[in-house]
Amino acid sequence: MVLSRLSLNDFRNHAALEIRPNAQFIALHGSNGAGKTNILEAVSLLVPGRGLRRAAMSDMVRAGGGGGFAIVAEVSGNVIGTGVSAQQPERRKVRVNESNASINSLAEWLSVIWLTPAMDRLFADGSAARRRFLDRLVLALSPQHARHSSRYEKAMQQRNKLLSGTVPADPLWLDALEQQMADSAHAIQAARTGLVDALRDQLQSAPSGPFAVPLISLVDKAGPAEGDLAMIWRKGRNRDAAAGRTLCGPHRADLDVIHKDSGQMAEQCSTGEQKALLLSLILAHAALVSAQRQAPPILLLDEVAAHLDPSRRAALFALLAETGAQVWMTGTEPELFNGIGPSAQLLPVGQN
Amino acid sequence: MASQEIDALAQALSKLPGLGPRSARRVVLHLMKKRESVLMPLLRALEQVEQRLVVCSTCGNIDTGNPCGICVDPRRDIRSICVVEDVSDLWALDRSRLFPGKYHVLGGRLSALDGVRPEDLNIEGLVARVAAGGVDEVVLAMNATLEGQTTAHYLAERLEQFPIRLTQLAHGVPVGGELDYLDDGTLAQALRARRPVG
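Calculation rules
- Residues numbered from 1 in each chain as written.
- Chains lettered and ligands numbered in written order.
- Predicted model: local features only at pLDDT ≥ 70, side-chain atom pairs only at ≥ 80, totals over all residues.
- Heavy atoms only, no water.
- Helix = DSSP H or I, 4+ residues; strand = E, 2+ residues; numbered from the N terminus.
- Buried < 20%, exposed > 50% of the residue type's maximum accessible area, 1.4 Å probe, protein only.
- Areas by Shrake-Rupley, 256 points an atom, 1.4 Å probe, with all protein chains shown as cover.
- Lys, Arg positive; Asp, Glu negative; His and termini not counted.
- Charge placed at Lys NZ, Arg CZ, Asp CG, Glu CD.
- Patch = residues over 30% accessible without salt bridge, like charges linked within 9 Å, V, L, I, M, F, W, Y side chains within 5 Å.
- Salt bridge = Lys/Arg side-chain N within 4 Å of Asp/Glu carboxyl O.
- Contact = heavy atoms within 4.5 Å.
- Polar contact = N/O pair within 3.5 Å; in protein donor to acceptor, adjacent residues only side chain to side chain.
- UniProt positions renumbered as here; feature names shortened; annotations may be inferred.
- Buried area = accessible area lost by both parts, 1.4 Å probe.
- Domains from an automatic or database assignment.
- Pairing = 2+ DSSP bridges.
- Axes fitted to C-alpha atoms, helices over the stretch in contact; angles between N-to-C directions.

(A) Structural view of the overall build of chain B. If you tally the helices and strands in chain B, you get 8 helices and 6 strands. Ordering the α and β elements of chain B from the N terminus gives α-α-α-β-β-α-β-α-β-α-β-α-β-α. Expressed as lengths along the three principal axes of its C-alpha atoms, the size of chain B is roughly 65 × 45 × 40 Å. Counting over 198 residues, chain B shows a buried share of 32%. A total of about 12700 Å² of accessible surface is found on chain B, and carbon and sulfur atoms cover 55% of it. Treating the 23 positive side-chain charges of chain B as one cloud and the 25 negative ones as another, the clouds have centres 7 Å apart.

(B) Structural view of a nonpolar patch on the surface. Nonpolar side chains collect at one region of the surface, where Val49, Leu53, Val55 and Ile62 of chain B lie side by side and expose about 330 Å² of accessible area between them. Counting through the fold element by element, Val55 of chain B comes out in strand E1 (residues 54-55).

(C) Fine view of the environment of Arg151 of chain A. Here Arg151 of chain A lies in helix H3 (residues 145-163). Using a relative accessible area of 28% as the deciding quantity, one classes Arg151 of chain A as partly exposed. Sequence separation between Arg151 of chain A and Gln180 of chain A is 29 residues; the distance between their C-alpha atoms is 8.3 Å. When residues no more than four places from it in sequence are discounted, the contact partners of Arg151 of chain A are Gln180 and Ser184 of chain A together with Ala144, Thr145, Leu146 and Gln149 of chain B. There is a polar contact of 3.4 Å between the side chain of Arg151 of chain A and the side chain of Gln180 of chain A.

(D) Inspection of the UniProt feature "binding site: ATP" (unreviewed entry) in chain A at higher detail. Residue and element names in this part refer to chain A. Residues annotated by UniProt as "binding site: ATP" (unreviewed entry) correspond here to Gly30, Ser31, Asn32, Gly33, Ala34, Gly35, Lys36 and Thr37. Tracing the backbone shows Gly33 in the loop between strand E3 (25-29) and helix H1 (36-44). For Gly33, a relative accessible area of 75% corresponds to the exposed category. With respect to the helices and strands, the residue Ala34 is situated in the loop between E3 and H1. Setting aside its immediate chain neighbours within four residues, Ala34 contacts Asn13, His14, Val349 and Gly350.

(E) Representation of the pattern of salt bridges in the model. Scanning the model with the defined rule gives 28 salt bridges over all chains in all. The salt bridge involving Arg130 of chain A is made with Asp254 of chain A; its shortest N-O contact spans 2.7 Å. Residue Arg130 of chain A is located in helix H2 (residues 127-141), and its partner Asp254 of chain A is located in strand E10 (residues 253-259); the two are separated by 124 residues in the primary sequence. A salt bridge links Asp77 of chain B to Arg79 of chain B; the nearest nitrogen and oxygen atoms lie 3.2 Å apart. Here Arg79 of chain B falls in the partly exposed class, since its relative accessible area comes to 45%.

(F) Structural context of the UniProt feature "zinc finger region: C4-type" (unreviewed entry) in chain B. When the UniProt feature table is mapped to this numbering, "zinc finger region: C4-type" (unreviewed entry) covers residues 56-71 of chain B. Across residues 56-71 of chain B one finds 19% helix and 12% strand; the C-alpha atoms that close the span lie 8 Å apart.

(G) Structural context of the interface of chain B and chain A. The partner chain A presents 20 residues to the 20 residues of chain B that form the contact. Of the roughly 1700 Å² buried between chain B and chain A, counting both surfaces, carbon and sulfur atoms make up 64%. Its largest share of buried area at the contact with chain A, chain B owes to Ala112, Leu113 and Leu146 of chain B, together 34% of the area lost on that side. Across the contact surface, chain B and chain A share 0 salt bridges. Across the chain B-chain A interface, the total number found is 5 residue pairs in polar contact (both at pLDDT 80 or more). The set of elements that each furnish at least two residues to the side of chain B that touches chain A consists of helix H7 (146-159) and helix H8 (184-192) of chain B.

(H) Here's a closer look at the domain arrangement of chain A. Residues and elements named next belong to chain A. Taken as a whole, chain A is organised into domain 1 (1-111 + 295-352) and domain 2 (121-294). Domain 1 and domain 2 are separated by 26 Å when their C-alpha centres are compared. With 23 residues of domain 1 in contact, the opposing surface of domain 2 contributes 20 residues. Together, the buried faces of domain 1 and domain 2 total about 1900 Å²; carbon and sulfur atoms form 66% of this surface. Where domain 1 touches domain 2, the interface holds 1 salt bridge. Here Glu108 ties to Arg147 by a salt bridge, and the two come within 3.3 Å at their closest N and O atoms.

(I) Main features of the pairing of strand E13 (residues 344-348) of chain A. All names here are of chain A. The alternating pattern of E13 places Gln345 and Leu347 on a buried face and Ala344, Leu346 and Pro348 on a face that is not buried. Both E3 and E13 contribute to a ladder of 5 bridges, which runs parallel. Bridge pairing in E13 places Leu28 opposite Leu347.

(J) Molecular detail of the sheet that holds strand E3 (residues 77-84) of chain B. Residue and element names in this part refer to chain B. As summarised here, the arrangement of the 4 strands in space is E4-E3-E5-E6, forming an open sheet in which the pairing is parallel. Unpaired on one side and paired on the other, strand E4 (101-105) and strand E6 (165-168) mark the two borders of the sheet. Taken pair by pair, the neighbouring strands of this sheet meet at an average axis angle of 25°, ignoring direction. The pairing of E3 with E4 spans 5 bridges and is classified as parallel. If you follow Val84 over to E4, its bridge partner there is Val105.

(K) Quick peek at the UniProt feature "domain: Toprim" (unreviewed entry) in chain B. Mapped onto the present numbering, the UniProt feature "domain: Toprim" (unreviewed entry) falls at residues 79-174 of chain B. As annotated, residues 79-174 of chain B has a helix share of 32% and a strand share of 20%, and its two end C-alpha atoms lie 28 Å apart.

Next comes the structure, spelled out in structure tokens:
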């Protein structure tokens, strides 16, 4: 999966920008505030979700522009577009080959994985961010994961709403919603377990490099979700009503990561080691997706090169080259990308 | 632009589904030009419908008689009932007269977020029809949306107590559809619902 063209209109600080990638590495360099990360954010909007900043759509509209924005990309001959109009600046629209398409269907065309400075705290922060990261990895292997997740969320919203009512909810209605949730939950859990198992195998078989190797496992922090979820929810209605939310289910799952050599929990490792663990995960994932879907995901690495010493940087470039993935990187100085060699396309940002 | 009356007509028309202010003005202009051949027949048809419009107390269909034309049709099989969300779904199914039985219109779908509860739908009427006996099969023809399917599950539980066959519309490959163009969710559904050949 590679982008052969990316064009932005009124997106963040870019009034009109067109990039035609012609190398495996696209190295965006420029001073702070030039809009390098904005370009990565645009690419991250070509898959389901809210992009790498999780910002509101209206925040991405260029101030002083027409009130909407458009991102158009070409992927193996297909034209994928997304954006908002001035009339509905929060409503993200998707076009694939000149027809309207759903946001979730984007996963069938493209998978994009990113690493940003904000993710330095991924292991230390709450489980929601880790779950989003996990689901992004899953989505690259199972495009229908996005549909199952939104259906699950919708059904759960309805259940929570019913349980929060002043009058007791119709038990048969709850049965019906819990059955819908269970159907989606089953698909969500199967996809996540499949990904984590395959990724664990991939990490074990990979030769040890300069980056710390993680041991990963899927956990349910709210207790074991084994067995019949519909039954668990049915029995837990009073408890969930008191809590004001559904206490158990795949929306509470978490990704546990341990430093293989030291045996430490990832959140107890140093910042540098945590970053290395994430890089190892992403590299193994790219190899996995490449093997299973015949095309590696597109990788967006924001300010990753700057925090590595030259020898680690060179090792990272070599490992990334091996995955065959199209890699979009940012850095303040073009010299950061010297180690890549001829497969780098250096693009200055914000100098015109 | 035009007189107050014509403006009012354009305003009223612009509220119709599928029309906006611009297309409403085009319709008004067309009606004025074709007064004899279009405006008068339309007016008579509207009047007739307005005078006789009634919701069928048996099935919830909207028609010009109560019971509705479908409920009184002696050629239809009274032993099977097809349950739909809205009248538009009934029309879609009955356009080609594929279903030989009777219908039951719920008047919507269960939605906690929109505040549509079971008692807001024509569900008791359906249970009463089935409880009265003489029904062999109930077809749940809800939309394949979350809310449609939740409603189908709910009805299945409500009707469980009766000795009837409960069936549901199949979801999958549309006739004339090419697999290559289907989304993964639809393909997965079609694979799950695969059946023996012949």
